[in-house]
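Architecture at a glance
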Amino acid sequence: MDKSVIDLSTNQMLLTYVFVILAMIITSLNGLNRNKEFIIGTIRMTAQLFLAGFVLVYIFDSSSLVLSILMILLMEFFAIFNIVSSKKGQLSKGMIGAISISLLIGSIFTLVFFLIVVVRPTPIYDPQYLIPLGGMIIGNSMTGINLALNQVLKSIDTNRVNIEGSLMLGATPRMAMDTIIQDAFDTAITPSLNNIKNMGIINLPGMMTGQILGGVSPLIAIKYQIAIMTAILSSVTICVFFFLRLGYKKFFNEQGQLIRNQQ
């Protein structure tokens, strides 16, 4: 590790939790009791990150292809799990399948292309590049699909009468859902577009900041940040595109009728 990087002692780490306490106080003064969530969330974050850190140290030292792939698959699994669990049993098996296929296709394609064509590490599966880049791509793709799913579910509840009316007039399920699909797609990709537009002016992103703190030249960090942001935008777009094209069909039965309940 670069000796120029300042390591945080245990006492320094503990001092960072002052920010959480401050947030809890402000929230309470605002009339909201979210202290339990703050505490549980902070504990979970700390435990999960330290666990991930120990695992990554082992994987980085081993440079194992199998372990690297398993780590990526684990990320994919938990990304899918987070989307599905947030709906608490509202989704059918078909919808879960559409979410899984879309996330895997978009994120893995983008990650493989990014490593083979753009970065070209040696070996190509070098966990130092594969896992951090994979985590950013998968995490943002998960958010994109989740936003699209939320928008579709909300729009169907709001426009159920209009959808069923269109079907009765002879529209296909795709035609009846066209506006909803477009709105969901726009909602899902907007955060990524906003990040790209504001990057470098309003904020210095996490990857770039981390590299600079690690002693990397800002110009090199900028190149990596531009590359990963374009990859994230691509992955989110691909994942959401496939999800919406596969997912909307799960709201209809074989006769093209709108299903009242996803289950």
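Note that the coordinates shown come from a computational prediction; the quantities given were computed from them, not determined experimentally. (Residues numbered from 1 in each chain as written. Predicted model: local features only at pLDDT ≥ 70, side-chain atom pairs only at ≥ 80, totals over all residues. Heavy atoms only, no water.)

1. Topic: the pattern of salt bridges
- Under the counting rule described, the total for this entry stands at 2 salt bridges.
- In this structure, the salt-bridge partner of Glu37 is Arg34, at a minimum N-O distance of 2.7 Å.
- Assessed through its relative accessible area of 38%, Arg34 is described here as partly exposed.
- Between Asp178 and Arg174 there is a salt bridge, with the nearest N and O atoms lying 3.0 Å from each other.
- Residue Asp178 is classed as partly exposed on the basis of its relative accessible area, which comes to 28%. (Salt bridge = Lys/Arg side-chain N within 4 Å of Asp/Glu carboxyl O. Buried < 20%, exposed > 50% of the residue type's maximum accessible area, 1.4 Å probe, protein only.)

2. Considering the nonpolar core
- Within the largest apolar cluster, 46 residues are counted, with the highest numbers of intra-cluster contacts made by Ile163 and Met177.
- Looking at this core, the elements with two or more residues in it are helix H4 (65-85), helix H5 (93-119), helix H6 (127-168), helix H8 (178-198) and helix H10 (218-247).
- Element by element, the count of residues in this core is highest for H6, at 12 residues.
- With residues up to four places along the chain from it excluded, the contact list for Ile163 reads Ile156, Ala176, Met177, Ile180, Phe252 and Leu258. (Core = buried A, V, L, I, M, F, W, Y, C linked by side-chain atoms within 4.5 Å. Helix = DSSP H or I, 4+ residues; strand = E, 2+ residues; numbered from the N terminus. Contact = heavy atoms within 4.5 Å.)

3. Observations regarding unusual backbone geometry
- Across the junction of Thr122 and Pro123, the peptide omega takes the value -5°, indicating a cis bond.
- Turning to its location among the elements, Pro123 is positioned in the loop between H5 and H6.
- Residue Ser63 is not a glycine yet carries a positive backbone phi of 50°.
- On the secondary structure map, Ser63 appears in the loop between helix H3 (35-62) and H4.
- Even without a glycine there, the phi angle at Arg120 is positive, about 60°.
- Structurally, Arg120 is set in the loop between H5 and H6.

4. Observations regarding the packing of H5 against H10
- The interhelical angle for the contact between H5 and H10, taken along N-to-C directions, is 155°, at an axis separation of 8 Å. The angle between H5 and H10 falls in the class roughly antiparallel. Two packed elements cross with a definite hand, and for H5 against H10 that hand is right-handed. (Axes fitted to C-alpha atoms, helices over the stretch in contact; angles between N-to-C directions. Parallel < 35°, antiparallel > 145°, perpendicular 65-115°, else oblique. Left-handed = near helix turned anticlockwise from the far one by under 90°.)

5. What to know about the UniProt feature "transmembrane region" (unreviewed entry) in the protein chain
- When the UniProt feature table is mapped to this numbering, "transmembrane region" (unreviewed entry) covers residues 12-32, 39-59, 65-84, 96-117, 129-149, 201-220 and 226-248.
- Spanning residues 96-117, this segment combines 100% helix with 0% strand, and its end C-alpha atoms are found 31 Å apart.
- The span residues 226-248 shows a helical share of 96% and a strand share of 0%, and its end C-alpha atoms are spaced 33 Å apart. (UniProt positions renumbered as here; feature names shortened; annotations may be inferred.)

6. With respect to H8
- The terminal C-alpha atoms of H8 lie 30 Å apart, and with 21 residues this matches the ideal 30 Å at 1.5 Å per residue to within 8%.
- Among all positions of H8, only Ile180, Ile181, Ala184, Ala188, Ile189 and Ser192 are buried.
- Those residues of H8 that are buried are in contact with H6, helix H7 (173-176) and H10.
- Phi turns positive one or two residues past the end of H8, at Gly200, with a value near 90°. (Expected span 1.5 Å × (residues − 1).)

7. Quick look at a nonpolar patch on the surface
- Taken together, the side chains of Leu104, Ile108, Phe109, Val112, Phe113, Ile116, Val117, Val118 and Ile124 present a nonpolar region at the surface, about 730 Å² in accessible area.
- Position of Ile124 among the secondary structure elements: in the loop between H5 and H6. (Patch = residues over 30% accessible without salt bridge, like charges linked within 9 Å, V, L, I, M, F, W, Y side chains within 5 Å. Areas by Shrake-Rupley, 256 points an atom, 1.4 Å probe, with all protein chains shown as cover.)

8. Quick word on the environment of Leu111
- For Leu111, the position within the fold is in helix H5.
- Given a relative accessible area of 6%, Leu111 falls into the buried group.
- With residues near it in sequence (within four places) discarded, Leu111 still touches Ile72, Leu130, Leu133, Gly134 and Ile137.

9. Observations concerning the side chain of Ser107
- As for its placement among the helices and strands, Ser107 is situated in helix H5.
- Separated by 2.7 Å, the side chains of Ser107 and Glu76 make a polar contact. (Polar contact = N/O pair within 3.5 Å; in protein donor to acceptor, adjacent residues only side chain to side chain.)

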